[in-house]
Amino acid sequence: MKKWTVVVFCSVVWLHASHAQELGIINTTKSPHVTFKSVNIGDCQWTSGFWADKFKLCEDVMVPHMGSLLKGDIGYAYNNFKIAAGLKEGKHQGMHWHDGDFYKWMESAMYVYAINKDETIVRDLDEIIDVIGKAQEEDGYLSTQITLDDNKARWSYRQFHELYNSGHLLTSACIHHRVTGQRNFLNIAIKHADYLYRTFKTEPRELARFGFNQTQIMGLVELFRITRNREYLHLAEIFINMRGKSKVEPHATVWHKAMGDMVQERTPLRKSKEAVGHAVLALYYYAGAADVYAETGEEALIKALDRLWENVVNKKMYVTGAVGQTHHGASSKVDFVHEAFISDYMMPNLTAYNETCANICNAMFSYRMLGIHGKSKYADIMELVLYNSALSGISADGTHYFYTNPLRRTLDHAMDTTDQQTREPYIPCFCCPPNLVRTIAKVSGWAYSLTEDGIAVNLYGGNRLNTQLQDGSVVKLKQDSLYPWDGAVTITMESCKAAPFDMMLRIPEWTQGKGVQLLVNGKKARAKVEAGTYATIKLAWKKGDVITLHMPMEAKLLVGHPRIEEVRNQAAIKRGPVVYCIESPDLPNNTSVLDVYLPSGVELQTHDQPDFLGGMTTLSAKVLLHAYDKEDMYSPVEKPNWTEVKTQFVPYFAWSNRGVSEMTVWMPIVWE
Ligand SMILES: [Zn+2]
């Protein structure tokens with residue numbers, strides 16, 4: 001009896017240890033070329049403050065509400081699977097990528113389950129997975145928009161988005177396996193990936209132009225990480241290798257608007273120096289390539305990804321972390337581009353596209369680069385995106401969505417297809433909403449990383465972490481902070497090994513290093529504290545040790561690089577990681593945001609407003625108003641007759657929660 005107990009005990013310990021850190025959002029535990037490894041999903045849980053509030057809204061409203069949309073007759077995504085499974089009559093409805101959007105919503109439900117352990121979520125997903133399994137074709141193929149349409153053949157047209165659906169299927173199934181331990185969804189994914197491998201392994205010329213929006217690369221690498229089947233990693237590489245090998249010309253599988261730079265094929269990835277084309281396509285592609293590099297260590301890949309990341313964040317990114325400057329345009333090699341990057345420093349505000357997905361992809365790509373390089377500049381971008389151009393995609397009540405995220409909106413601006421005057425309860429092209437909801441649901445998984453000998457704190461906010469270091473020792477700690485509204489962070493060690501290890505705290509670039517204090521038990525920490533780096537404290541930590549980080553949070557005016565013509569002599573307001581804007585509900589009646597000028601000596605006051613749109617810190621200041629009262633495109637200069645008004649600035653992510661409004665991030669400066 002005693003012997004038996006020992007055996008059982010040992011096997012439990014082994015099982016636990018062998019899965020110690022393999023349950024991350026991306027599982028980089030065994031990835032040889034990753035510096036910062038993922039913590040397991042659920043190891044970090046928000047307890048209070050900004051992200052705890054957002055997660056609660058996500059759990060209570062965003063996920064269930066979106067589920068009712070997608071499972072009902074508005075979203076119709078689940079119906080498509082039911083029809084394909086032979087359980088319902090009807091036709092496919094929704095975009096070609098609608099299966100993928102449904103998988104993203106499923107993924108968001110899994111992150112919620114990882115925290116709240118509500119078994120009804122798993123039962124609901126089991127029922128759905130059963131239907132998806134029945135919708136899958138005998139050979140593993142799964143894309144209901146093709147299965148349900150007799151006029152559409154498999155792999156006949158690039159923009160049918162089959163591999164986009166594949167990617168989200170694989171990713172969602174991997175997350176499901178990690179949080180539930182079940183294999184029902186994973187088996188569907190494996191059957192599908194095996195089908196893809198059979199189809200693409202010889203790199204058939206007629207299929208060389210597939211996919212379109214390449215989420216399958218990330219999905220395949222994650223499936224490799226679970227199964228260790230190298231065919232999936234090989235296939236992920238095949239999709240990188242094939243892109244750029246086909247002649248850029250209209251083809252039976254490709255129309256003229258979906259080729260060349262639009263789909264990152266004019267220049268093969270390894271030779272690329274500039275981010276081009278559709279911003280979502282590009283960044284999912286780069287994120288997938290980063291996953292491949294994490295496993296293969298191929299020098300040419302990471303050099304290209306380094307160049308592309310720098311190009312995106314230093315030449316093509318908005319102050320909100322948003323990307324994809326234009327709805328329609330052309331690349332420098334004169335390929336048509338759509339929802340896309342355009343030239344360096346060409347940053348229109350009013351017509352900025354900035355699809356919510358593209359902004360999120362910017363953070364996803366940066367999260368992977370953070371893992372590879374272990375440098376804080378990548379987490380700075382994740383944070384910038386999260387607080388600004390990601391969250392702007394959803395309303396304060398969690399039920400309405402923006403597809404595009406311009407930096408200025410006027411009521412007279414003509415709306416094009418996916419532009420909206422305000423957030424909508426449903427968007428026919430539904431890629432962004434579930435992408436954002438799954439991101440909000442999983443932010444806790446990005447908050448910490450495991451370093452070679454310790455923990456990196458990537459994101460701040462009230463949370464508890466209960467994880468294991470890479471040596472298997474348990475660390476429990478508590479973080480208290482009102483971030484991003486206050487720059488004070490307190491981390492209390494609750495349990496850890498006796499031997500010294502590193503606590504690495506990100507000192508955000510936005511602090512500019514001014515006035516930042518890092519203390520351990522009230523005394524200055526022995527660590528180099530420099531903006532844009534991690535400050536590393538190596539200590540033999542013990543229970544009750546307290547790390548305190550003070551980051552002064554003054555509202556600041558920012559200007560743009562002089563090459564950005566669209567913001568010449570204008571300023572944006574930023575406090576900590578949060579970008580602010582001015583909105584018409586905060587201006588006198590009939591005042592356009594185009595009438596607002598910012599005195600250079602503007603005094604910005606902060607106001608904690610717990611009851612305003614879910615609680616936030618707003619700013620107030622006196623601004624100057626002057627209306628351009630002519631119809632003429634150009635007119636002689638006249639000295640303005642200024643009106644001074646006191647007004648409020650709200651965080652950019654919170655705009656358009658008070659009805660249809662005008663908004664601007666950038667305002668012209670009046671030098672005093
Ligand atoms: Zn989208």
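Residues numbered from 1 in each chain as written. Predicted model: local features only at pLDDT ≥ 70, side-chain atom pairs only at ≥ 80, totals over all residues. Heavy atoms only, no water.

Chemist: Outline the packing of aromatic side chains, listing residues and values.
Modeler: As enumerated under the stated definition, the model contains 32 aromatic pairs in all. When the centroid spacing of 5.6 Å and the interplanar angle of 55° are considered together, the rings of Phe 81 and Tyr 103 count as tilted. One end of the pair, Phe 81, is in helix 3 (residues 77-84); the other, Tyr 103, is in helix 4 (residues 98-116), and 22 residues separate them in sequence. One exposure class covers both Phe 81 and Tyr 103, and it is buried. A ring pair is formed by Phe 402 and Trp 655, whose centres lie 5.3 Å apart and whose planes are at 20°; its orientation type is stacked. Residue Phe 402 is found in the loop between helix 14 (376-390) and strand 6 (408-409), and its partner Trp 655 is found in the loop between strand 23 (643-651) and strand 24 (663-664); the two are separated by 253 residues along the sequence. A single burial state applies to Phe 402 and to Trp 655, both of which are buried. (Phe/Tyr/Trp six-rings, centres within 6.5 Å; stacked < 30°, edge-to-face > 60°. Helix = DSSP H or I, 4+ residues; strand = E, 2+ residues; numbered from the N terminus. Buried < 20%, exposed > 50% of the residue type's maximum accessible area, 1.4 Å probe, protein only.)

Chemist: Describe the environment of Asp 344, with residues and values.
Modeler: Along the chain, Asp 344 turns up in the loop between strand 5 (336-341) and helix 13 (356-373). Judged by relative accessible area, which is 26%, Asp 344 ranks as partly exposed. Remark: the alpha-carbon pair of Asp 344 and Ser 156, spanning 188 residues in sequence, is separated by 35 Å. Excluding residues within four positions of it along the chain, Asp 344 makes contact with Glu 274, Asn 311, Lys 315, Lys 316 and Arg 563. (Contact = heavy atoms within 4.5 Å.)

Chemist: Account for the packing of helix 2 (residues 50-71) against helix 4, naming residues and giving values.
Modeler: Close contact between helix 2 and helix 4 brings their axes to 10 Å; oriented N to C, the two are set at 145°. Between helix 2 and helix 4 the crossing geometry is left-handed. Residues Phe 55, Glu 59, Val 63, Met 66, Gly 67, Leu 70 and Lys 71 of helix 2 form the contact with helix 4, whose own contacting residues are His 98, Asp 101, Phe 102, Trp 105, Ser 108, Ala 109, Tyr 111, Val 112, Ile 115 and Asn 116. Its residues placed into classes, the contact of helix 2 with helix 4 shows ten nonpolar, four polar and three charged. (Axes fitted to C-alpha atoms, helices over the stretch in contact; angles between N-to-C directions. Left-handed = near helix turned anticlockwise from the far one by under 90°. Nonpolar A, V, L, I, M, F, W, Y, C, P; charged D, E, K, R; others polar.)

Chemist: Report on the sheet that holds strand 16 (residues 546-550), specifying residues and quantitative values.
Modeler: Here we have seven strands laid out as an open sheet, ordered 2-9-10-11-16-13-14, and antiparallel in their pairing. Both outer strands of the open sheet, strand 2 (44-48) and strand 14 (523-524), are each paired with one neighbouring strand and no more. With four bridges joining them, strand 13 (residues 517-520) and strand 16 adopt antiparallel strand pairing. Looking at the pairing, Leu 519 lines up with Thr 548 of strand 16. (Pairing = 2+ DSSP bridges.)

Chemist: Quick rundown of the side chain of Ser 444? Include the residues and the values.
Modeler: Following the sequence through the fold, Ser 444 ends up in the loop between helix 15 (432-442) and strand 7 (448-451). You can call Ser 444 buried: its relative accessible area is 6%.

Chemist: Break down helix 9 (residues 216-227) for me, citing the residues and quoting the values.
Modeler: Compared with the 16 Å implied by 1.5 Å per residue over twelve residues, the 16 Å span of helix 9 between its first and last C-alpha is a close match. Of all twelve residues making up helix 9, ten are buried, and the element is well covered by its neighbours. Looking at the buried positions of helix 9, the neighbouring elements they touch are helix 7 (162-180), helix 8 (184-200), helix 10 (230-242), helix 11 (279-296) and helix 13. Note on helix 9: the residue one or two positions beyond its end, Arg 228, has a positive phi of about 60°. (Expected span 1.5 Å × (residues − 1).)

Chemist: Before we move on, can you summarise unusual backbone geometry with the specific residues and values?
Modeler: The omega torsion across Phe 210 and Gly 211 is 5°, close enough to zero to call that bond cis. Take Gly 211: it is sitting in the loop between helix 8 and helix 9. The linkage connecting Tyr 483 with the following residue, Pro 484, adopts the cis geometry, with an omega of 5°. Topologically, Pro 484 is positioned in the loop between strand 10 (474-481) and strand 11 (488-495). Positive phi outside glycine occurs at His 161, with the angle close to 60°. Tracing the sequence through the fold places His 161 in the loop between helix 6 (144-147) and helix 7. What makes His 161 buried here is its relative accessible area of 8%. In this model, Val 334 sits at a positive phi of 65°, which is unusual for a non-glycine residue. Turning to its location among the elements, Val 334 is positioned in the loop between strand 4 (326-330) and strand 5.

Chemist: Give a detailed account of the sheet that holds strand 5, specifying residues and quantitative values.
Modeler: A sheet is described by the order of its strands in space; here three strands give the open sequence 3-5-4, paired in antiparallel fashion. Only two strands of the sheet have a single neighbouring strand rather than two, namely strand 3 (277-278) and strand 4. Judged from the two bridges that link them, strand 3 and strand 5 form a sheet pairing that is antiparallel. Following the sheet pairing, His 278 is matched in strand 5 by Ala 340.

Chemist: Lay out the nonpolar core in plain terms, naming residues and giving numbers.
Modeler: Within the largest apolar cluster, 218 residues are counted, with the highest numbers of intra-cluster contacts made by Met 106, Met 503 and Phe 649. Counting residues per element, this core draws most heavily on helix 11, which supplies twelve residues. Beyond its immediate sequence surroundings of up to four residues, Met 503 is in contact with Ile 455, Val 457, Leu 477, Ile 491, Met 493, Ala 535, Thr 536, Ile 537, Trp 541 and Ile 547. Core analysis: the next-biggest nonpolar cluster, separate from the first, contains seven residues, Ala 258, Met 262, Val 263 and Ala 340 among them. (Core = buried A, V, L, I, M, F, W, Y, C linked by side-chain atoms within 4.5 Å.)

Chemist: Let's hear about the side chain of Gln 468: which residues, and what values?
Modeler: Considering the arrangement of structural elements, one finds Gln 468 in strand 9 (residues 462-468). Within polar-contact distance, the side chain of Gln 468 engages the backbone oxygen of Gly 472 at 3.2 Å. (Polar contact = N/O pair within 3.5 Å; in protein donor to acceptor, adjacent residues only side chain to side chain.)

Chemist: How would you sum up the coordination of the zinc ion? Please name residues and give values.
Modeler: In the first shell of the zinc ion, the protein supplies Glu 355 (OE), Cys 357 (SG), Cys 431 (SG) and Cys 432 (SG), at 2.1 to 2.3 Å from the metal. Taken together, the four donor atoms coordinating the zinc ion and their angles of 95 to 116° define a geometry best described as tetrahedral. For the zinc ion, the single-chain donor residues occur in sequence as E-x1-C-x73-C-C. In this pair, Cys 357 is assigned in helix 13 and Cys 431 in the loop between strand 6 and helix 15, connecting sequence segments 74 residues apart. Across the pair, exposure class does not vary: Cys 357 and Cys 431 are buried alike. (Donors = N, O, S within 2.8 Å, 3.2 Å for Na, K, Ca; no water. Tetrahedral: all angles 85-135°; square planar, octahedral: opposite > 155°, others 65-115°.)

Interpretation note: all reported values are geometric properties and have no functional meaning in isolation.
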